[in-house]
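Next come the chains, spelled out residue by residue.
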Amino acid sequence: MKFRPCIDLHSGKVKQIVGETLDANPGRVVENFVSEHDSAYYASMFKRDALTGGHVIMLGGGNEEAALNALREYPGGLQIGGGITADNAAKYLEAGASQVIVTSYIFRDGELNMDNLKRIVSEVGKDKLVIDLSCKQKDGSWYVVTNQWRTFSSFQVNEANLRELESYCSEFLVHAVDVEGKRTGILESLVKQLADWVTIPTTYAGGARSLEDLELFRRLTGGKLDITIGSALDIFGGNLSYDEVVAYCR
């Protein structure tokens, strides 16, 4: 189990927000934290602590400069997501991203768009591709949600579908939308199922708030999954010690 750090960018600033409140109207976004530090500050911190496989996420427009600054500060140490397509992925890899993360580009109109998936794989190769499966529960099953997490797709997150996607990417990043940014604890049923299903590196995001949550996560997954923590960390305005999390996950 590895700790995967994150840098979430919104309107050019490092923030922690409640993901479900993302909207075209910035006034509707619920912000847990807005940093006085820039993206390079956090990238430098993660580089210092030799944390690999973290991610920079561009939440909407106006974030490209901040994202590129983070990549330049820690070349090869951070993945990048948010608006990534087959047309622009190479630019971010050349700027220092270890991998690119895709969601909306391959999930279109409520369906998995295999043409777009195959196109981006042909551009960057599966080793450079991470698929973000932001999901919510409906009728007892997990489904990928799109359109800033407001629209359910028809793509069910289950063992068979994950196995198919594994042939196109090197990692999964799974956001538990129901608890993302809310610091209410991990979704136990989801992490247990993911640990049973996946065979490639997979990072879970959503709800972790304490070292006890990390212990529970490790026990439920057998250490098979990695985890990212945002709003709960003291470096993002929370009460959970970043240094203690790094030490725990060593």
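Description of the structure in this document.

Conventions and cut-offs
- Residues numbered from 1 in each chain as written.
- Predicted model: local features only at pLDDT ≥ 70, side-chain atom pairs only at ≥ 80, totals over all residues.
- Heavy atoms only, no water.
- Axes fitted to C-alpha atoms, helices over the stretch in contact; angles between N-to-C directions.
- Helix = DSSP H or I, 4+ residues; strand = E, 2+ residues; numbered from the N terminus.
- Parallel < 35°, antiparallel > 145°, perpendicular 65-115°, else oblique.
- Left-handed = near helix turned anticlockwise from the far one by under 90°.
- Contact = heavy atoms within 4.5 Å.
- Nonpolar A, V, L, I, M, F, W, Y, C, P; charged D, E, K, R; others polar.
- Pairing = 2+ DSSP bridges.
- Salt bridge = Lys/Arg side-chain N within 4 Å of Asp/Glu carboxyl O.
- Buried < 20%, exposed > 50% of the residue type's maximum accessible area, 1.4 Å probe, protein only.
- Core = buried A, V, L, I, M, F, W, Y, C linked by side-chain atoms within 4.5 Å.

With that settled, consider the packing of helix 5 (residues 159-166) against helix 6 (residues 188-197). Relative to each other, helix 5 and helix 6 sit at 55°, their axes nearing to 10 Å. As judged from the angle between their axes, helix 5 and helix 6 are oblique. Crossing of helix 5 against helix 6: the hand is right-handed. Residues Glu159, Leu162, Arg163 and Glu166 of helix 5 lie in contact with helix 6, whose contacting residues are Leu194, Asp196 and Trp197. Across the contact of helix 5 with helix 6, the residue classes tally to three nonpolar, no polar and four charged.

With that out of the way, let us pick up the sheet that holds strand 11 (residues 141-146). Pairing is antiparallel in the open sheet, where three strands are placed in the order 10-11-12. Single-partner strands in this sheet number two, and they are strand 10 (135-138) and strand 12 (151-156). When strand polarity is set aside, the average angle formed by the axes of neighbouring strands in this sheet is 50°. Relative to strand 12, strand 11 runs antiparallel, the two sharing three bridges. What sits directly across from Tyr143, in strand 12, is Gln156.

A few words on the pattern of salt bridges. Throughout the structure, instances matching the rule amount to 10 salt bridges. Among the ionic pairs, Arg48 bridges to Asp49, the shortest N-O distance being 3.0 Å. Residue Arg209 pairs with Asp213 through a salt bridge whose shortest N-O separation is 3.0 Å. What makes Arg209 partly exposed here is its relative accessible area of 42%. One network of salt bridges, with partners in common, ties together Arg4, Glu171 and Asp226.

How two helices pack is summed up by the angle between their axes together with the distance between the axes. Their axes nearest at 8 Å, the elements helix 6 and helix 7 (residues 211-221) cross at an angle of 40°. Taken together, the axes of helix 6 and helix 7 are oblique relative to one another. Helix 7 is crossed by helix 6, and the crossing has right-handed handedness. The segment helix 6 lies against helix 7, with Glu188, Val191, Lys192 and Ala195 engaging Leu216, Phe217, Leu220 and Thr221. Looking at the contact of helix 6 with helix 7 residue by residue, the class counts come to five nonpolar, one polar and two charged.

Moving on, we come to the pairing of strand 11. Working note: regular strand, side chains alternate between the two faces of the sheet. In terms of residue burial, strand 11 counts as a mostly covered element, since six of its six residues are buried. In strand 11, alternate side chains face the same way, and those of Ser141, Tyr143 and Val145 on one face and Trp142, Val144 and Thr146 on the other are all buried. Across four bridges, the pairing between strand 10 and strand 11 is antiparallel. When the bridges of strand 11 are listed, Lys136 appears paired with Tyr143. Taking the residues that link successive antiparallel strands as the turn, the strand 10-strand 11 hairpin has two residues, and the phi of Asp139 there is positive, at about 55°. Connecting strand 11 to the antiparallel partner strand 12 that follows it, the hairpin turn spans four residues, and Asn147 within it adopts a positive phi of roughly 55°.

With that settled, the discussion passes to the sheet that holds strand 2 (residues 13-17). The strand order across the open sheet formed by 10 strands is 3-2-1-4-5-6-9-13-14-15, and the pairing between neighbours is mixed. With partners counted over all chains shown, the strands left at the sheet margins are strand 3 (31-34) and strand 15 (226-228), one partner each. Within the sheet, the average angular offset between the axes of one strand and its neighbour, ignoring direction, is 30°. Of the strand pairs in this sheet, strand 14 (residues 202-205) and strand 15 are connected by three bridges, and their pairing is parallel.

A separate point is the nonpolar core. Of all hydrophobic cores here, the largest spans 79 residues; its most connected members are Ile7, Phe46, Ile80, Ile131, Leu133, Phe172 and Tyr204. Residue contacts for Tyr204: discarding those within four places in its chain leaves Val174, Ala176, Val179, Ile186, Leu187, Leu190, Val191, Phe217, Asp226, Ile227 and Thr228.

Turning to the environment of Ala66, a few remarks are in order. Looking at the secondary structure, you find Ala66 in helix 2 (residues 64-73). Given a relative accessible area of 11%, Ala66 falls into the buried group. For the pair Ala66 and Val14, spaced 52 residues apart in sequence, the C-alpha to C-alpha distance is 8.6 Å. Leaving out residues up to four positions away in the same chain, Ala66 has contacts with Leu9, Gly12 and Ser39.

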